[in-house]
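Structural features, examined
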Amino acid sequence: MDSEKRQKESRVKLLITGNEAIAESAIQAGCRFYAGYPITPQNELTAYMAHHMQDRGGVFIQAEAETAAINMVYGASAAGARAMTSSSSPGISLKQEGISYLAGAELPSVIVNIMRGGPGLGNIAPAQSDYFQATRSGGHGDYHCLVLAPSTVQECYDLTALAFELSDKYRVPAIILGDGMLGQMMEPIVVTKFRAPSLKQSNKPWALTGCKDRKANVVKSFYLKEGDLEKFNLKLQSKYQKIQREEERWEELFLNDVKIVLVAYGSMARIAKGAVKALREKGKKVGLIRPISLWPFPKKAFAKIRKQYLVIEMSYGQMLEDVQLAVNGQAGIEFLGRSGGGVPSEAEIIAKVNKIYHG
Amino acid sequence: MDKIYAHPKSLRDVSTHYCPGCGHGLAHRLITEVVDELGIREKVIGVAPVGCAVVAYEYWDFDCSEAAHGRALAVATGIKRVRPENIVFTYQGDGDLAAIGTNETIHAANRGENLSVFFINNAVYGMTGGQMAPTTLLNQKTSTTPDGRCAQLQGFPLKISEMLALLPGVKYIERVSLHSPQEIIKTKKAMKKALINQMEGIGFSLVEILSPCPTYWGLSPKPALDWIKNTMVKEFPLGVIK
Ligand SMILES: Cc1ncc(C[n+]2csc(CCOP(=O)(O)OP(=O)(O)O)c2C)c(N)n1
């Protein structure tokens, strides 16, 4: 939501964490069902829902496992409600079967992944190593989730409501992909009053409500008759193409007069921004592309600029592949990445830029 | 003249894909009769399992959802919590409810979700070709217990209904069977009770239904019914458990 519009609406300032901002946004966006299972570093989100959902007309369930949580979301969404679950990396792995079923049954839903270090139990430090899982159908089958990556607490708030909107619009699951740093960080945000559709008014003729005055509805992803599943897949694909055309989102900084373009998302982009500003002060022509939608990946941002790129991630090069696909050999790409608890620092970024600049 | 037997409104007029002598078709029909008799067709939402009954929604003419294998009670929880005014039931096989979905089953029951569960115990995995189920009897041969189920290696038939009966959130559990007309009448009565319990807000109700699978028992339909009567009920005694 743009700042002008935000000013017109009632302005309430809150000082909250990224996790809480996601939760608050979801409730305001009309999320009526939340199920989660505890895992660090996203516990504040679950706790916020436990405190607020019931009082504000929703349902909160602490599920017995992530598998149950995602399938409860499936049920709630099938019944027509806006529904959400959240977790962190290991828990998101457990949800993958359910996410595939949500995609297969075309059920809107929001899934929050506040990423931590992996593989396996890994650790609870922030990481961005679930990028592949989020953007390349982490479960089985040819499907996509819409993936939005906030980089500030304000954006946690804004993008969560947007995720519900887009998820309903296209009937695809949407993922909010953050990391432990963003989830735990406290910042002041401006809260807007979203006008969410109520369960009764929501325009979901496919939802399960009981077959009064209409034919029976079925929510399913099973197509056994020869040719039917291929037909259904083609329908999904054309929907994904539409999303790809219409929903690319990114932020850009100093791209008018630039020699090296940094590419980073989420928390990593904040650190990269710091490096860009410091380098600009030293007269270095450095800019930034910050993908906000990771799927669809903002390819258009790269079409305009054939310069040297430096991709920076809290992983060993996952978004890097999307940049390579977008640039398609038309420009040089360098990479700086750390993971497993390591976060590329502003100083490391500056050193790397200087090396490329003079190298 | 009163019509005492007719095609249920909630049952579509199509032929099913089930093998000759299979219990699923009968159990489907009993559910639709009960739904009609209670006048809840326009309020009911069924959750189909992954198993032989995966396409139950092609036979039931009311709102239905599919659920991933074992997750029917999580899906039903989501539906019912959002739409408490609807009548929500799951229909699940023994693999679905008592193996891959045991966690969902126990915790939905323990939360005392106001749901009705129809649990088809046919002592095998039908859909995948007759493998051992948690409910397979000792010495029963299946494709994955070629020498018969052996307690030392494969454990014992799982009595999930008795286990669930221990939970305070569970209000009603009965084990019934489809092996004779008398038992079928009892099955229908139990199904009705499970749905009425939900309508009255009483809480979690489960009906376990012993159901023939002639194909993977290696028996023709009539001996399959006799096998339930003479053998299966010894391991899984009929009656109200809670
Ligand atoms: C995650 C997952 N694992 C395994 C399967 C394969 N599978 C389909 S049905 C089934 C077992 C069905 O047995 P049961 O629940 O007893 O029902 P029945 O077919 O006997 O009615 C299995 C293992 C699956 N679909 N999904």
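On a predicted model such as this, the values are computed, not experimentally measured, just so you know.

So, about the nonpolar core. Of all hydrophobic cores here, the largest spans 127 residues; its most connected members are Phe33, Met49, Met84, Phe302 and Tyr309 of chain A. If you tally residues by element for this core, the top one is helix α8 (residues 153-170) of chain A, at 10 residues. Both domains that furnish three or more residues to this core are identified here as domain 1 (2-209 + 235-242) and domain 2 (250-356) of chain A. Membership of the second largest hydrophobic core comes to 35 residues, among which are Ala27, Val34, Ala48 and Val207 of chain B.

With that settled, consider the pattern of salt bridges. Inspection of the entire model under this criterion finds 37 salt bridges over all chains. With a closest N to O distance of 2.7 Å, lysine 239 of chain A and glutamate 106 of chain A form a salt bridge. With lysine 239 of chain A in helix α10 (residues 228-246) and glutamate 106 of chain A in the loop between α6 (96-104) and β5 (109-115), the pair connects residues that are 133 residues apart, well separated along the chain. What makes lysine 239 of chain A buried here is its relative accessible area of 13%. A relative accessible area of 8% means that glutamate 106 of chain A is categorised as buried. Between glutamate 247 of chain A and arginine 249 of chain A there is a salt bridge, and its shortest N-O distance comes to 2.8 Å. The network of salt bridges with common partners includes Arg29, Glu33, Glu37, Lys188 and Lys192 of chain B.

Let's shift gears to the site of the ligand. Every one of the 17 residues lining the ligand counts as a neighbour, but His24, Cys52, Asp94, Asp96 and Gly126 of chain B are closest to it. More than a single chain frames the ligand: its nearby residues are located in chains A and B. Contact between the ligand and aspartate 94 of chain B: an oxygen atom at 2.6 Å from a side-chain N or O atom of the residue. Backbone polar atom of valine 124 of chain B to an oxygen atom of the ligand: 3.2 Å apart, as the coordinates give it. When the ligand sits alone it has 590 Å² of accessible area, and the protein chains cover 77% of it. When contributions to the shell around the ligand are tallied by element, the ones reaching two or more residues are α3 (94-100) and β5 (124-125) of chain B. Its residues assigned to classes, the shell around the ligand comprises six nonpolar, eight polar and three charged.

Residues and elements named next belong to chain A. Contact geometry for helix α2 (residues 18-28) and α8: axes closest at 8 Å, N-to-C directions at 35°. Between α2 and α8 lies a crossing whose hand is right-handed. Residues Gly18, Ala21, Ile22, Glu24, Ser25, Ala26 and Gln28 of α2 pack against Val153, Cys156, Tyr157, Thr160, Ala161 and Phe164 of α8.

Residue and element names in this part refer to chain A. Once the domains are mapped, chain A shows domain 1 (2-209 + 235-242) and domain 2 (250-356). The straight-line distance from the C-alpha centre of domain 1 to that of domain 2 is 26 Å. Taken together, the 31 residues of domain 1 in the interface contact 25 residues of domain 2. Put simply, domain 1 and domain 2 have three salt bridges between them. Across the pair aspartate 322 and arginine 136 runs a salt bridge whose closest N-O atoms are separated by 2.9 Å. Along the contact surface separating domain 1 from domain 2 lie 16 residue pairs in polar contact (both at pLDDT 80 or more). Elements supplying a minimum of two residues to the side of domain 1 that touches domain 2: α7 (131-135), β6 (146-148), α8, β7 (173-179) and α9 (180-184).

All names here are of chain A. Relative to the assigned elements, glutamate 248 resides in the loop between α10 and β10 (250-253). A distance of 3.2 Å separates a polar atom in the side chain of glutamate 248 from the backbone nitrogen of lysine 299. A polar atom in the side chain of glutamate 248 sits 3.0 Å from the backbone nitrogen of lysine 300. If we skip the residues at most four places from it in the chain, glutamate 248 touches Ile243, Ser293, Pro296, Phe297, Pro298, Lys299 and Lys300.

Moving on to the state of the cysteines. Applying the stated criterion across every chain yields a total of zero disulfides over all chains. Cysteine 52 of chain B carries a free sulfur, and the closest cysteine sulfur to it, the one in cysteine 22 of chain B, is 6.3 Å from it.

Further remarks concern the sheet that holds strand β11 (residues 260-263) of chain A. Residues and elements named next belong to chain A. Spatially, β10-β12-β11-β14-β15 is the arrangement adopted by the five strands of the open sheet, whose pairing is mixed. Edge strands, defined here as strands with exactly one partner in the open sheet, are β10 and β15 (333-337). Averaged over all pairs of adjacent strands, the angle between their axes in this sheet comes to 20°, without regard to strand direction. Pairing geometry for β11 and strand β12 (residues 286-291), over four bridges, is parallel. Within β12, the position partnered with isoleucine 260 by the bridge is valine 286. The strands touched by helix α14 (residues 346-358) within the sheet are β11, β12, β14 (308-313) and β15, with β15 carrying the most contacts at an inclination of about 160°.

Rules behind the numbers
- Numbers given for residues are sequential positions, taken from 1 along each chain in its written order.
- Lettering for chains starts from A, numbering for ligands starts from 1, and both go in the order in which the items are written.
- Totals for whole chains, interfaces and linings use every residue, but because this is a predicted model, local features are given only for residues with pLDDT of at least 70 and side-chain atom pairs only at 80 or more, for both listing and counting.
- Where side-chain values are given, they derive from all heavy atoms of the structure, hydrogens and water being excluded.
- Joining through side-chain atoms within 4.5 Å is the link that ties buried Ala, Val, Leu, Ile, Met, Phe, Trp, Tyr and Cys residues into a set, and such a set is a nonpolar core.
- When accessible area is computed with a 1.4 Å probe and restricted to protein chains, residues below 20% of their type maximum are described as buried, those above 50% as exposed, and intermediate ones as partly exposed.
- Secondary structure elements follow DSSP: runs of H or I of four or more residues count as helices, runs of E of two or more count as strands, with numbering from the N terminus.
- In this document the domain limits rely on a domain assignment from an automatic tool or a database.
- Any carboxyl oxygen of Asp or Glu within 4 Å of a side-chain nitrogen of Lys or Arg constitutes a salt bridge here.
- A molecule or strand has a residue near it when one of that residue's heavy atoms lies within 4 Å.
- Polar contact is defined as a pair of N or O atoms within 3.5 Å, subject to the rule that within protein one atom must be able to donate a hydrogen and the other to accept it, and that residues adjacent in sequence are counted only when both atoms are side-chain atoms.
- For accessible areas, the Shrake-Rupley method is used with a probe of radius 1.4 Å. Any residue's cover is judged against the shown protein chains and nothing else.
- Note that Gly is not counted as nonpolar here; it falls among the polar residues with everything else outside the nonpolar set of Ala, Val, Leu, Ile, Met, Phe, Trp, Tyr, Cys and Pro and the charged set of Asp, Glu, Lys and Arg.
- A fitted line through C-alpha atoms serves as each axis, taken over the contacting stretch for helices, and the angle formed by two N-to-C directions is quoted from 0 to 180°.
- The sense of a crossing depends on the near helix, which, turned anticlockwise from the far helix by less than a right angle, makes the crossing left-handed and, turned clockwise, makes it right-handed.
- The contact criterion used is simple: two residues touch if any of their non-hydrogen atoms lie within 4.5 Å.
- Pairs of cysteine sulfur atoms within 2.5 Å are what we label disulfides.
- A pair of strands is treated as paired once DSSP finds two or more bridges between them.

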